[in-house]
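Residues per chain are reported as follows:
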Amino acid sequence: MIEAKTKLWRSSLATPSVKRYVARVRYKLTHGAVVAAVIGLLILIALAIHQNLTSRGIDFSFAYLSAPSRFGISEGLAPVWTGWAPIFESVDATSSNLGMLEAGLFNTLKVALLAITFSTLVGVVLGVLRLSTNWLVRNLAFAIGEFIRNTPILIQLMFWYFAVLLQLPSSGSATKVSKWLVVEQSGVFLPLPHLSDSAGPASGFFVAVAIAFLAAACLRRFPARWRIALLGVGLCAIGASYALGFGINLDWPVLGRFGATGGLHFTPEMSAILITIIVNSAGYISEIVRGGIEGLAKGQWEAAAALGLSRGDTIRDIVLPQVFRIIIPSLTNRYISLTKDTAIGIAIGFPELFNVSGTVANQSGRDFETVIVVMTIYLLLSWLISALANFVNRRIALERA
Amino acid sequence: MIIATLHSWARRNLFANLIDSILSILIVTALGWLLTVFLRWVIWDAYWQRIYESLRLFLVGQFPEDQTWRAWVALALLCTAVGAVLLPWSRRLGVAIWLIACGAAVFVLVPPGLDRWGGLLLSIMLTVVVSTASLPLGILFAFGRSSRNPSLRACCTGYIEVMRSVPLILVVYWIWITVPLFMPEVSISSLARGMIGYTVFNAAYVAEYVRSGLQAVPRGQREAARSLGMSNWTISTEIVLPQALRVVQPALVGNVLDVFNGATLVFIIGLMDFLRAGQLILVDPAASGQTNEVYLFMFAVYFVIGSAITFGSRRMEAHMHRSTR
């Protein structure tokens, strides 16, 4: 009886097990075929390129990166490692090609970080304005966003650079808009805050203590009494550091016969690309924010209205905190695009990574290697941004019930 | 009656409260002043003759003068194709009509040489060719990325992620210098290399749109098709893909706008598109006083074309929402 059952069991499974075996073999075969095809294709391309390069007497090597660059760029700092912390120094013709690329990366990062900060601010304001109760404000914000998103970013850059910044009054006859802002052909000048000379390590220590206590006072997890005490200690620390000679002075831009000097100086190229990317990304971010606000459940607005909150309070305290949680993935994509958009700086001669890499490639004749290096840097940058965003997203995302 | 409606509309939308009223008055004043200054400049002070004189360069670049009819024929072909694709009775033949029209347009334009293309003609043809060519490539990569075969999936994911992480300008430049390296015998024009590079780049974006469409098709569709005994190939091409493409149609039209806007970046490989033509006109010292006119004209052209594409994309989206409800 049992024997018969086993036999029956075996025979009924015989065909499926063969089928499964065949399926497994086929699966492995397709695997192998795909891997072999891709590897084969890559090897073929590499071989063809290698053969071509050797026939022209060029070898494939990255040794040129440490050779002197023999050209200069208008701005940009490269890190020099002397000890445990890098010192940023400006580069010149004696710097290595790698140093040049680092200076380009520095400029790209500088623009990207500033643009991420300010385009988010402007974009959120524009996005909220699109839901204003005022018809004019609403549609004006819509029109601005629409215009920005329906025209190429390159023409916006060209416009800001050639039609606005280069048409400004020439150096020497600068239009001083106010004490705070000087705008002329040689760029935009802002006051630069810097530490006063009398600030010593002791006062610096108190400043650090003050910052730590004030930050702790902002945390909601402490009871109110503790937070008031923390605030008090923080204020005392500020007083102590001030008594010890800590201070922040502003370095004002000064108008001279040959143009403004001093303060924080943005070259026209830097100003143009910064303005372009901030304005352009703000247009996209406003759309993301609007979508996020409209995607929020209506009940949130109604509940806030039922509690008697005003429209402004509702947006600030109820809507925006939730919207930020929803839109972080879209914002991340925007930040990555924004970082990639800095590459158009080559059109106006701003020495960002792509522009510098082009000069390095031309000077050294190593197009192929340089492109590989630059591509890798852009890849790492994008991955860094999305990793950071994923980290933030995990920390603040709502728990899904 | 109309005045009463208008009055209540203004009460609700412009003067709902004190802040709104102040804002409305401020904006109306500022806009009015700006518009007056702007219109006065456009009508009296601007020198539009310059644009009129250089219209040829703007529209077709260095295309030979006696061959201009080719550009018109190509434009007519493309417009007819767009119209035909939008007609309801030709839905099923839409792809064939579009491909034939594109091929014919390229065929008509090729004889003077690819290097002679320029201006708006170049921008539009680049957009048409790249958008068309990156669709099948994108669909392939989308299927690859959602395949159950891990090695295929890894390859497609890697390709898509790499392409989406680097700037377009870098990819176009890279392909432009690399293609001659492994095909030294054949000389390929800059434009063709640019099209290849741009397609390679854009296919990754199209793939992500299509993949989101593939994910939007309910699992039941696949299961039902399998229970009817269809093969995997039939299920993918006849059941899943049509539904996925229908969902992502608006996004794909939006991608056409991105391609058109990104086409300005081909200046890096020495092509003269619409924007570059405008800059070349401004290089001429005689035209240096007309910076504002040239930029206004270019902004207007880009904005009109871009808005038209956005409008089409929104109409499609609204239509889809209506029909699926």
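All residue numbers refer to positions counted from 1 along the written sequence of the respective chain. All chains are assigned letters beginning with A, and all ligands numbers beginning with 1, in the order in which they are written. Given that the model is predicted, a residue must reach a pLDDT of at least 70 before its local features are reported, and side-chain atom pairs must reach 80 or more before they are shown or counted; all residues, however, enter totals for whole chains, interfaces and linings.

A. Inspection of the overall build of chain B at higher detail. In DSSP terms, a helix is any run of H or I states spanning at least four residues, a strand is any run of E spanning at least two, and both are numbered starting from the N terminus. The number of helices and strands found in chain B is 14 helices and 0 strands. Element order for chain B, N to C, with α for helix and β for strand: α-α-α-α-α-α-α-α-α-α-α-α-α-α. If one aligns the C-alpha atoms of chain B with their principal axes, the spans along those axes are about 70 × 60 × 40 Å. A residue is called partly exposed when the number of other C-beta atoms within 10 Å of its own lies between 12 and 20, exposed at 12 or fewer, and buried at 20 or more, with C-beta atoms placed from the backbone. Residues classed as buried in chain B amount to 34% of the 325 residues present. Residues are defined as contacting one another if the C-beta atoms placed from their backbone atoms lie within 7 Å. Across chain B, the fraction of contacts at a sequence separation of at least 24, relative to all contacts at a separation of at least 6, is 73%.

B. Just the overall build of chain A, in detail. When helices and strands are tallied, chain A shows 11 helices and 10 strands. Burial analysis of chain A (401 residues in total) assigns 31% to the buried set.

C. Region of the structure containing helix 13 (residues 274-283) of chain B. Summarising burial for helix 13 of chain B: 7 of the 10 residues are buried, a large majority. Among all positions in helix 13 of chain B, only Phe274, Leu275, Arg276, Ala277, Gly278, Ile281 and Leu282 of chain B are buried.

D. Here's a closer look at the interface of chain B and chain A. The interface is formed by 38 residues belonging to chain B together with 38 residues belonging to chain A. Counting only elements with at least two residues in the side of chain B that touches chain A, the list comes to helix 2 (18-45), helix 8 (150-165), helix 9 (168-182), helix 13 and helix 14 (291-324) of chain B. The biggest single contributor to the side of chain B that touches chain A is helix 14 of chain B, with 10 residues. Amino acid classes used here: Ala, Val, Leu, Ile, Met, Phe, Trp, Tyr, Cys and Pro are nonpolar; Asp, Glu, Lys and Arg are charged; the rest, including Gly, are polar. Class assignment for the residues of the side of chain B that touches chain A results in 24 nonpolar, 13 polar and 1 charged.

E. Quick peek at the packing of helix 3 (residues 135-150) of chain A against helix 2 of chain B. Helix axes are fitted to C-alpha atoms over the stretch in contact, other axes to C-alpha atoms as well, and angles between N-to-C directions run from 0 to 180 degrees. Put simply, helix 3 of chain A and helix 2 of chain B touch, their axes get as near as 8 Å, and they point 50 degrees apart. One element, helix 3 of chain A, and the other, helix 2 of chain B, form an angle in the oblique class. Contacts between helix 3 of chain A and helix 2 of chain B involve Leu136, Val137 and Leu140 of chain A from the former and Leu23, Ser24 and Ile27 of chain B from the latter. Taken together, the residues of the contact of helix 3 of chain A with helix 2 of chain B sort by class into 5 nonpolar, 1 polar and no charged. Working definition: roughly parallel below 35 degrees, roughly antiparallel above 145 degrees, roughly perpendicular at 65 to 115 degrees, and oblique for all remaining angles.

F. The domain arrangement of chain A, seen in detail. By the assigned domains, chain A splits into domain 1 (77-191 + 252-396) and domain 2 (201-249). Computed from C-alpha coordinates alone, the two centres of domain 1 of chain A and domain 2 of chain A are separated by 32 Å. Where each domain begins and ends follows an automated or database-derived domain assignment.

G. View of unusual backbone geometry. The phi dihedral of Arg70 of chain A is positive, around 60 degrees, even though this residue is not glycine. Here Arg70 of chain A lies in the loop between helix 1 (2-55) and strand 1 (77-81).

H. Examining the environment of Ile269 of chain B more closely. All names here are of chain B. Mapped onto the elements, Ile269 comes out in the loop between helix 12 (232-262) and helix 13. For Ile269 and Ile169, which are 100 residues apart along the polypeptide, the C-alpha to C-alpha distance reads 9.2 Å. When residues no more than four places from it in sequence are discounted, the contact partners of Ile269 are Val172, Tyr173, Trp176, Ser190, Arg193 and Gly194.

I. How the structure looks around the environment of Ile43 of chain A. Locating Ile43 of chain A in the fold gives a position in helix 1. Taking C-alpha positions, Ile43 of chain A is 40 Å from Arg394 of chain A, a pair spaced 351 residues apart along the chain.

J. Structural context of the packing of helix 10 (residues 353-364) of chain A against helix 11 (residues 367-396) of chain A. Residues and elements named next belong to chain A. At a closest axis distance of 9 Å, the pairing of helix 10 and helix 11 adopts a crossing angle of 160 degrees. With respect to helix 11, the axis of helix 10 lies roughly antiparallel. In this structure, helix 10 crosses over helix 11, and the sense of that crossing is right-handed. Residues Leu353, Phe354, Ser357, Val360 and Ala361 of helix 10 touch helix 11, and the partners they reach there are Asp367, Thr370, Val374 and Ile377. In this scheme the handedness of a crossing depends on how the near helix is turned from the far one: anticlockwise by less than a right angle means left-handed, clockwise means right-handed.

K. Representation of helix 6 (residues 94-109) of chain B in the model. Residue and element names in this part refer to chain B. Multiply 1.5 Å by the residue count of a helix minus one, and that product is the helix's expected span. Along its 16 residues, helix 6 runs 22 Å from first to last C-alpha, staying within 8% of the 22 Å computed at 1.5 Å per residue. Ala101, Cys102, Ala105 and Leu109 are the residues of helix 6 that are buried. Along the axis of helix 6, the buried positions cluster into a sector of 100 degrees, meaning they face one direction only. Opposite the buried face of helix 6, at more than 90 degrees from it, the exposed residues are Ala96, Leu99, Gly103 and Phe107. Of the surrounding elements, those touching the buried residues of helix 6 are helix 5 (68-86) and helix 7 (119-145). The arc refers to the directions leading from the helix axis to the C-beta atoms.

L. Broad picture of the domain arrangement of chain B. The assigned domain composition of chain B is domain 1 (2-45), domain 2 (64-111) and domain 3 (116-324). Using C-alpha coordinates to define each centre, domain 1 of chain B is positioned 40 Å away from domain 3 of chain B.

M. Spotlight on the confidence of the model for chain B. Mean pLDDT over chain B stands at 88; residues scoring 70 or higher make up 98%. Complex prediction metrics read pTM 0.85 and ipTM 0.90. The predictor attaches a confidence to each residue, called pLDDT, with possible values from 0 through 100.

N. Region of the structure containing the nonpolar core. Buried Ala, Val, Leu, Ile, Met, Phe, Trp, Tyr and Cys residues form a nonpolar core when they are connected through C-beta atoms within 7 Å. Grouped together as the largest cluster of nonpolar side chains are 144 residues, with contacts concentrated most on Leu157 of chain A together with Ile169, Leu170 and Val172 of chain B. Setting aside residues up to four positions removed in sequence, Leu170 of chain B forms contacts with Ala343, Phe354, Val374, Met375 and Tyr378 of chain A.

O. Looking closely at the environment of Ile124 of chain B. Residues and elements named next belong to chain B. If you trace the backbone, Ile124 turns up in helix 7. We classify Ile124 as buried; it has 22 C-beta atoms within 10 Å. Separated by 135 residues in the primary sequence, Ile124 and Val259 place their C-alpha atoms 9.7 Å from one another.

P. A look at the pairing of strand 2 (residues 86-90) of chain A. All names here are of chain A. Summarising burial for strand 2: 0 of the 5 residues are buried, a small minority. Two strands pair when backbone bridges link them, and strand 1 and strand 2 are joined in this way by 5 bridges, in the antiparallel orientation. Among the inter-strand pairings, Pro79 is bridged to a residue of strand 2, identified as Phe88. In this description, strands pair whenever DSSP reports at least two bridges between them.

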